[in-house]
Amino acid sequence: MRIVVIGGTGLIGSQVVRRLGEHGHDAVPASPNTGVNTLTGEGVKEVLQGADVLIDVSNSPSFADDDVLNFFTTATTNLTEAAAAAGVGHYVALSIVGTDELPESGYLRAKVAQEKLITESGLTYSIIRATQFFEFAGAIANSAEADGAVHLPHGGVQPIAASDVAAVVGRTAAGAPVNGVLEIGGPEEFTMDGWIRTVLAHRGDEREVVGDPQAKYFGTFLTGKQLVPNAGAQLQPTSLREWLDAGN
């Protein structure tokens with residue numbers, strides 16, 4: 001199949017392109033540096049000509065509330081319209097577990113808007129909601145640092161390896177549309193502060209990680225298990241220890 005991967009040069013997209021290619025598909029990476037800009041629409045219609053499947057694993061360059069909402073609504077509108085015109089048979093989008101449970105987060109509100117545009121587009125689709133990636137641990141710690149300590153909420157998380165996410169996205173794209181939401185996560189549940197504390201300790205980072213009930217995550221308080229996948233989620237095999245021991 002010809003499968004166009006929007007965000008195909010990024011962390012997830014590049015792995016999806018490689019995996020699909022290894023399985024004999026014509027996987028086409030599409031991003032601004034390949035001449036495809038979903039915000040302006042440049043190159044979108046052209047790259048989707050003859051495509052069987054569209055995968056969207058792109059992300060907003062700015063996480064400011066207005067910017068991220070504009071990105072996902074504009075880009076997704078351009079993509080769904082072009083996909084319909086090109087006769088694309090399957091729209092696969094990567095989203096986040098808990099999007100509709102944390103409305104105070106501007107980023108997650110934008111992901112809700114993205115999902116709504118896809119589900120109401122008339123296209124056959126699969127939405128994959130993934131938990132936080134192991135690879136984001138360092139950036140999360142840096143963003144939460146204040147006065148030499150890392151302040152994070154104590155709410156639950158069940159992080160996942162990016163390689164496992166890419167594998168699920170690739171398999172889903174090569175299969176039949178689910179016309180619904182598939183949730184995926186890693187094999188183990190942590191608290192947010194506990195997960196980051198484990199990663200920093202493994203890396204010899206001596207910053208103290210403080211479980212702080214006043215700390216926010218993407219603009220919202222995280223007090224419970226909003227970011228933990230629901231029963232029935234497809235849990236992936238790579239553990240945090242395995243990922244760390246692989247040199248990450």
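Notes on the structure in this doc start here. (Residues numbered from 1 in each chain as written. Predicted model: local features only at pLDDT ≥ 70, side-chain atom pairs only at ≥ 80, totals over all residues. Heavy atoms only, no water.)

To continue, consider the sheet that holds strand S14 (residues 234-235). The strands making up a sheet associate through backbone hydrogen bonding, with each pair oriented either parallel or antiparallel. Here seven strands make up an open sheet; going across it, the order is S2-S1-S3-S4-S5-S9-S14 and the pairing parallel. In the strand order of this sheet, the two ends are held by strand S2 (26-30) and S14, each with one partner. Those strands touched by helix H1 (residues 11-22) are strand S1 (2-6), S2, strand S3 (53-56) and strand S4 (90-96), and its axis lies near 170° from that of S1. Where helix H4 (residues 106-119) meets the sheet, it contacts S3, S4 and strand S5 (125-130), and its direction lies at approximately 165° from that of S4. (Pairing = 2+ DSSP bridges. Helix = DSSP H or I, 4+ residues; strand = E, 2+ residues; numbered from the N terminus. Contact = heavy atoms within 4.5 Å. Axes fitted to C-alpha atoms, helices over the stretch in contact; angles between N-to-C directions.)

Let us look at the nonpolar core. Judged by nonpolar contacts, the single largest core of 30 residues is most densely connected at Leu152, Met192, Trp195 and Ile196. A per-element tally of this core places helix H7 (residues 192-202) first, with five residues. Residues contacting Trp195, with those up to four places away along its chain left out, are Gln132, Phe133, Phe134, Ala137, Ile140, Val157, Pro159, Phe190 and Leu240. Among the nonpolar cores identified, the runner-up in size contains 24 residues, and Val16, Val17, Val92 and Val168 belong to it. (Core = buried A, V, L, I, M, F, W, Y, C linked by side-chain atoms within 4.5 Å. Buried < 20%, exposed > 50% of the residue type's maximum accessible area, 1.4 Å probe, protein only.)

Here we come to the packing of H1 against helix H6 (residues 162-174). Running from N to C, H1 and H6 cross one another at 50°; their axes reach a closest spacing of 9 Å. The angle between H1 and H6 places the two elements in the oblique class. As for how H1 packs across H6, the hand of that crossing is right-handed. Residue-level contacts link Leu11, Ile12, Gln15, Val16, Arg19 and Leu20 of H1 to Ala162, Ser163, Val165, Ala166, Ala167, Val169 and Gly170 of H6. Residue composition of the contact of H1 with H6, by class: nine nonpolar, three polar and one charged. (Parallel < 35°, antiparallel > 145°, perpendicular 65-115°, else oblique. Left-handed = near helix turned anticlockwise from the far one by under 90°. Nonpolar A, V, L, I, M, F, W, Y, C, P; charged D, E, K, R; others polar.)

Scanning the model with the defined rule gives eight aromatic pairs in all. For the ring pair Phe63 and Tyr107, a centre distance of 4.9 Å and an interplane angle of 55° mean the geometry is tilted. Separated by 44 residues along the polypeptide, Phe63 in the loop between S3 and helix H3 (65-86) and Tyr107 in helix H4 bring together distant segments of the chain. The class for Phe63 is partly exposed, based on a relative accessible area of 41%. Residue Tyr107 is classed as buried on the basis of its relative accessible area of 7%. Considering the side-chain rings of Phe72 and Tyr107, the 6.0 Å spacing of their centres and the 85° angle between planes classify their relative orientation as edge-to-face. In this pair, Phe72 is assigned in helix H3 and Tyr107 in helix H4, connecting sequence segments 35 residues apart. Here Phe72 and Tyr107 have matching classes, each one buried. Aromatic ring contacts, followed pair by pair, group Phe63, Phe71, Phe72, Tyr107, Tyr217 and Phe218 into a single cluster. (Phe/Tyr/Trp six-rings, centres within 6.5 Å; stacked < 30°, edge-to-face > 60°.)

All right, on to the sheet that holds strand S6 (residues 145-146) then. Strand order in this open sheet of three strands is S6-S7-S11, and the pairing throughout is mixed. Sheet topology places S6 and strand S11 (208-211) at the edges, where each strand pairs with a single neighbour. Strand direction decides the pairing type here: strand S7 (residues 149-152) and S11, joined by four bridges, are parallel. Residue pairing for S11: Ala149 is matched across the bridge by Glu208. Contacting S7 and S11, H7 crosses the sheet at an angle of about 170° to S11.

Here Val209 lies in strand S11. When the C-alpha positions of Val209 and Val150 are compared, they lie 4.6 Å apart, and in sequence the two are 59 residues distant. Apart from residues no more than four positions distant in its own chain, Val209 is found in contact with Val150, Leu152, Asp193, Ile196, Arg197 and Leu200.

Remember that side chains alternate between the two faces of the sheet whenever the strand is regular. Relative to S7, S6 runs antiparallel, the two sharing two bridges. In the sheet register, Ala146 faces S7, and the bridge partner there is Ala149. Turn length for the S6-S7 hairpin, with the two strands adjacent in sequence and antiparallel, is two residues, and the turn residue Asp147 shows positive phi of about 55°.

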